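# Descriptive structure summary
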Number of protein chains: 4
Amino acid sequence: MKDTFERLMGVIEERKTADPASSYTAKLMHAGVDAMNKKVLEEAYETCVAAREQDRGHLVRELADLFYHALVLAASCGVKVAEIAGELDRRSGVSGLAEKASRGQT
Amino acid sequence: MKDTFERLMGVIEERKTADPASSYTAKLMHAGVDAMNKKVLEEAYETCVAAREQDRGHLVRELADLFYHALVLAASCGVKVAEIAGELDRRSGVSGLAEKASRGQT
Amino acid sequence: MKDTFERLMGVIEERKTADPASSYTAKLMHAGVDAMNKKVLEEAYETCVAAREQDRGHLVRELADLFYHALVLAASCGVKVAEIAGELDRRSGVSGLAEKASRGQT
Amino acid sequence: MKDTFERLMGVIEERKTADPASSYTAKLMHAGVDAMNKKVLEEAYETCVAAREQDRGHLVRELADLFYHALVLAASCGVKVAEIAGELDRRSGVSGLAEKASRGQT
């Protein structure tokens, strides 16, 4: 997965400067933060639909879409995969309901 | 990241059978697919807000929340991290707008 | 408002059978429930953004978009404005936190 | 519907200053814009689920929830029902795909 995510992020970062006419990733980043946000929300919705239907194959594809679009948004803001991983690692070791408090949720 | 995601998924899977009173992950899975879906959508929204505000630190934390809750949903449906990575790898090598077609988007 | 909502719903219902090439409403209904759902979620997101920015003019336009798309979805499922109004009326008279219970929320 | 929406909005506006411990509406407004936004998105999701399942009774209840929470958000920003109705009326008379352009959608 490290290779997958890091490699995917590398591809996304390279496409920041690609031609929006030939790269979907470049087109999305060029369209701006609200366009990327809408895609993240749309993929989140599609993930939820697939989960509700207990359709594993569909869910795998939608999760891949969600992760891809979330990484495009991350890249557009200069966030690295290692930072997300670091945040997740920082939280692990924390168990039980304490997890929730560590995320500042109510 | 492999270690991060695989390890996190291992922790989530272990908690499937934990006591919902002491594990946030168990509590969430116990609450069912609609409860997990709402968390995925809520975290997607919070990710969008952080991205709009160009607040990198906030965005890192929200992306971590989004990935964590997406993995909880995945685990509850028996989806493995390797399947999501496999789907993302399958798509790579595909470049430009062809990416979009490969995801079956309109 | 009765006139507004009832009249709008009348227009939407008429367009159910219009040519999708010349009517946005017909095009949306023709595209199916997932397409309408995505528009409802997109407009909900845009409403949230306008509210966060405390931009009244923007918020009025987004709320109009949200209500319009919600009514298109309602019409596509054969739901009448009077049924939604009836449900809201049924709940009124209910005050305080009892409202929440009446909606079956947790 | 005019009576319904105007009356509901009147109730919501009265509760702006109610005790959050005894009024769900006051509690929601007191919790702030992000809390109200999350409820709007959650109700939009539940509306989508009900529409997908073609469950009319469920859809009516979820649409009522969505409209109620959208009006709470509107009220918290000082938006009147008449403004939303005015915006919808302004757009009517506009037919076909011209509707879309009038909403500034792409």
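Rules behind the numbers
Residues numbered from 1 in each chain as written. Chains lettered and ligands numbered in written order. Predicted model: local features only at pLDDT ≥ 70, side-chain atom pairs only at ≥ 80, totals over all residues. Heavy atoms only, no water. Helix = DSSP H or I, 4+ residues; strand = E, 2+ residues; numbered from the N terminus. Contact = heavy atoms within 4.5 Å. Areas by Shrake-Rupley, 256 points an atom, 1.4 Å probe, with all protein chains shown as cover. Least-squares fit on C-alpha atoms with pLDDT ≥ 70 in both. Phe/Tyr/Trp six-rings, centres within 6.5 Å; stacked < 30°, edge-to-face > 60°. Buried area = accessible area lost by both parts, 1.4 Å probe. Salt bridge = Lys/Arg side-chain N within 4 Å of Asp/Glu carboxyl O. Polar contact = N/O pair within 3.5 Å; in protein donor to acceptor, adjacent residues only side chain to side chain. pLDDT = per-residue confidence, 0-100.

## Some points on the overall build of chain A
Looking only at helices and strands, chain A has 6 helices and 0 strands in total. In chain A, the succession of α and β elements from N to C terminus is α-α-α-α-α-α. Put simply, 53% of the contacts in chain A that link residues at least 6 apart link residues at least 24 apart. Only carbon and sulfur atoms are counted for the fraction: they give 50% of the accessible area of chain A, which is about 4200 Å².

## Some details on the relation of the copies chain A and chain B
For the pair chain A and chain B, the superposition axis carries a translation of 0.0 Å, the fit reaches an RMSD of 0.0 Å, and the rotation angle comes to 180°. The relationship between the two copies is best expressed as a two-fold rotation axis. Of the interface residues in chain A, 100% have counterparts in chain B that sit at the interface too, so the contact is made through matching surfaces.

## Description of the packing of aromatic side chains
Within this structure, the stated rule accounts for 16 aromatic pairs over all chains. Every member of this aromatic cluster is reached through a ring pair, and the members are F5(A), F67(A), F5(B) and F67(B).

## Thoughts on the interface of chain A and chain B
Taken residue by residue, the interface counts 62 residues in chain A and 62 residues in chain B. Both sides together, the interface formed by chain A and chain B hides about 5500 Å², and carbon and sulfur atoms give 65% of it. Applying the counting rule to chain A against chain B returns 8 salt bridges. Close ionic contact of R56(A) with E83(B) constitutes a salt bridge, the shortest N to O distance being 2.7 Å. If you look at where chain A meets chain B, you find 16 residue pairs in polar contact (both at pLDDT 80 or more).

## Considerations on the confidence of the model for chain A
Residue and element names in this part refer to chain A. Across chain A, the average pLDDT comes to 88, with 85% of residues at or above 70. Within chain A, helix α6 (residues 98-102) has the poorest average pLDDT of any element, 53, and helix α4 (residues 56-76) the best, 97. Taken together, the stretch residues 94-98 has pLDDT below 50 and engages in 13 contacts with residues farther than four places along the chain or on a different chain.

## Thoughts on the interface of chain B and chain C
The interface of chain B with chain C comprises 5 residues on the first partner and 5 residues on the second. Summed over both partners, the interface of chain B with chain C buries about 480 Å², with 57% contributed by carbon and sulfur atoms. Sorting the residues of chain B by area buried against chain C places Y45(B), V49(B) and R52(B) first, and these three jointly supply 72% of that buried surface. Scanning the region where chain B abuts chain C turns up 2 salt bridges. In this structure, E53(B) engages R52(C) in a salt bridge whose closest nitrogen and oxygen atoms are separated by 2.6 Å.

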